[in-house]
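Okay, here's what each chain looks like letter by letter:
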Amino acid sequence: MTAVLLGNDGTLSVFAEEMGVSLCAVDEVRGLPVGTTLLVPFTHWKRRETELAGLVRAHRDFKFTLLSGDPAAPRAAERVGATFLPLPVSREALLKHCDACDRTRRILLAEDSATARKTLVRALTEAGHVVVEAEDGRAAIEALGDQPFDMVVTDVEMPHANGYDVCRAVRSNPNTAALPVIIQSSLAEGKDIVKGFEVGANDYIVKPVNLDEFVTKIANIFAGLTMRGRERILAVDDSQIVRGLISQGLSQQGFTVELGEDGKDGFARATACPPDLIISDFDMPEMTGFEMVAALRKDERTKDVPVIMLTARDTQMDRAMTTAAGARAYVTKPFNVNDIVAVVERIFAEVRLTREQEAMQRYLSEGARRAAKRHAKAGTVELLGEEKTISILFSDIKGFTSKSAAMQPGEVVKMLNAYFDVMTSELAKEEAIIDKFIGDAIMALFEGDDCAIRACRAALAMQASHAIVNRTREDPIVTRIGINTGKVIVGEIGSATVRREYTAIGDSVNRAQRFESNAPPGGVLISTSTFERIEAMADVEPTELRLKGIDEPVRAYKLLGLKGDKGTSA
């Protein structure tokens, strides 16, 4: 059910909860989907009819239902174009009423032929719409000020005011400017159709009208209004007819469409407020589509906006020029508007996929990304792993448990994210694979022949960067870091069908974590296997540890600095 309860007089919150509808204030209405049913409870109707009339005029994109026990309310609701539901009302009755409101649309039909009007009214009524008839243009314009509508359908040739006048009246009034307008007329010349789009029509249908197509077209327009709020598209073409066709087709799919008259106008509009996508003709005055796209690609604000090029040119050279300029797709004229919609939907699907992949990069380690690509290419699902000699780095914040216990959860997350931003930056400089975050701990892997020296450089840089981390903190963060080098199994661990991760396992990993837990606060402790790989460069202090599960003492080294490595000395 698409319905909200408007306002709050102290009892309405309970009413909303019992009836299963949401509650909102007047100033929140504009954020709701077009066509939402607004339930307006008025317990003292006679004093508030003017208020409801003002609400209806100000919010014509929505449907109003008056909830009241006042016997005068039904008639008054009808006068302002609202429906009526008597109080008290059961949940079942409310749901049924709102469901009916969702399906019903009010259409103003302006047609001077009684026969044609009767035929259209019957077709629209059978489709579930409420039709208000106007026998000429003047009557239609007057009706627009009396009650709300969801659409205007108008003939062109009518007494007193023609259909173009009706369309101008709709567009010039802020309360009706957003209404879709369909012109249906026997005037079939190009200049008549162009004029229809120029005055703001959403569509132009040449008589005789095919009723099935007519009703379907209206349903599609209403479906687009319901979906309104999708991506914003700039359509640039020097033909008013082409602009109208593109606007009508894309608006029905819920896109917000802005129109540009030529390349120069399109470039100005695009750079002033960059759209999500641009559709442009190739041959235009002032600035061609090719020139406009080339200019957009040089502008930082619009360089990544996808462009679809429309053109009657279809040679290989033309396509190459368009692609070189930076257009994402190429549609040849004459075209079916459904072809445009299909290309737009495909491009937005590709954009969403790219964004998802880019976002996913931040959730997966480099090893996991490589494994995923390998499986996608081969079409396999089996778990893979291989033995490697790598360096494993563990870091951990000293006293994190007690520190976080004295903080709100949001503060803990904020602190950790700021800390990780700095630490991972130093790890990335040394091409570390950031395997995982374990609470406040970081596990990072270093592969290659120089894995040990890179791990040690990263560890010293991490400790040095605490000056940045603690710059504004009263309670400084202190970190322990441990590094071990040895053989591990690197690969995919987990379920073949549900959830897996790419990581390293083995005794060398366990030892790295134990070296970290024995490291001095603010220091780096490395294993003998790591020290042996960097001995010529290392400034260390030997020590002995007792590690869990190992009877004999284990030699380790406090890493103080690296000789010849600027900026890494302790």
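Here the structure is shown first, and the text comes after it.
Here's a quick rundown of the structure.

### Topic: the packing of aromatic side chains
Next, step 1: Enumeration according to the criterion identifies five aromatic pairs in this entry.
Next, step 2: When the centroid spacing of 6.4 Å and the interplanar angle of 40° are considered together, the rings of phenylalanine 282 and phenylalanine 290 count as tilted.
Next, step 3: Considering the side-chain rings of phenylalanine 420 and phenylalanine 437, the 4.5 Å spacing of their centres and the 45° angle between planes classify their relative orientation as tilted. A residue pair is termed long-range when its members are at least 10 positions apart, and phenylalanine 420 in helix α17 (residues 409-429) and phenylalanine 437 in strand β17 (residues 433-438) qualify at 17 residues.
Next, step 4: Since its relative accessible area comes to 10%, phenylalanine 420 is described here as buried.

### Some thoughts on the pairing of strand β3 (residues 37-41)
When a strand is regular, its side chains alternate between the sheet's two faces.
Next, step 1: Of all five residues in β3, five are buried, a share of seventy percent or more.
Next, step 2: Across the two faces of β3 the burial is the same, with Thr37, Leu39 and Pro41 and Leu38 and Val40 all buried.
Next, step 3: For β3 and strand β4 (residues 63-68), the ladder comprises five bridges, and the chain directions are parallel. Of the residues in β4, the one forming a bridge with leucine 38 is phenylalanine 64.

### As for the sheet that holds strand β13 (residues 277-281)
Next, step 1: With parallel pairing, the five strands of this open sheet are ordered in space as β12-β11-β13-β14-β15. Pairing within the sheet leaves two strands with one partner each, and these edge strands are β12 (256-260) and β15 (329-332). With strand direction ignored, the average angle separating the axes of adjacent strands in the sheet is 20°.

### As for the nonpolar core
Next, step 1: Among the nonpolar cores identified, the biggest contains 36 residues, and Leu393, Leu427, Phe446, Ile483, Ile526, Ile534 and Leu559 are the most heavily contacted of them.
Next, step 2: Contributing elements (two or more residues each) for this core: β16 (385-397), α17, β18 (441-446), α18 (451-464), β19 (479-494), β21 (524-527), α21 (528-534) and β23 (554-562).
Next, step 3: With nine residues, α18 is the largest single contributor of residues to this core.
Next, step 4: Leucine 559 has contacts with Cys456, Leu460, Val524, Ile526, Ile534, Ala538, Asp539 and Val540, leaving out every residue within four places of it along the chain.
Next, step 5: Ala134, Ala143, Val181 and Ala201 belong to the second-largest nonpolar core, a separate cluster that totals 23 residues.

### Comments concerning the pairing of β16
Next, step 1: By the bridge criterion, 13 bridges tie β16 to β19 in an arrangement that is antiparallel. By the bridge assignment, phenylalanine 394 is partnered in β19 with glycine 482.
Next, step 2: Bridging between β16 and β18 involves five bridges; their strand directions are antiparallel. Paired with leucine 393 across the strands is alanine 444, a residue of β18.

### Topic: helix α2 (residues 49-58)
Next, step 1: By the burial criterion, the buried members of α2 are Leu52, Ala53, Leu55 and Val56. For α2, the buried positions fall inside an angular range of 160° around the axis, keeping them on one side.

### Points about unusual backbone geometry
Next, step 1: Here lysine 207 and proline 208 are connected by a cis peptide whose omega angle stands at 0°.
Next, step 2: Mapping proline 208 onto the fold places it in the loop between β10 (203-206) and α9 (211-226).
Next, step 3: Here glutamate 431, not a glycine, exhibits a phi torsion of approximately 60°, which is positive.
Next, step 4: If you trace the backbone, glutamate 431 turns up in the loop between α17 and β17.

Scoring rules and cut-offs
- Residues numbered from 1 in each chain as written.
- Predicted model: local features only at pLDDT ≥ 70, side-chain atom pairs only at ≥ 80, totals over all residues.
- Heavy atoms only, no water.
- Phe/Tyr/Trp six-rings, centres within 6.5 Å; stacked < 30°, edge-to-face > 60°.
- Helix = DSSP H or I, 4+ residues; strand = E, 2+ residues; numbered from the N terminus.
- Buried < 20%, exposed > 50% of the residue type's maximum accessible area, 1.4 Å probe, protein only.
- Pairing = 2+ DSSP bridges.
- Axes fitted to C-alpha atoms, helices over the stretch in contact; angles between N-to-C directions.
- Core = buried A, V, L, I, M, F, W, Y, C linked by side-chain atoms within 4.5 Å.
- Contact = heavy atoms within 4.5 Å.
- Arc of directions from axis to C-beta.

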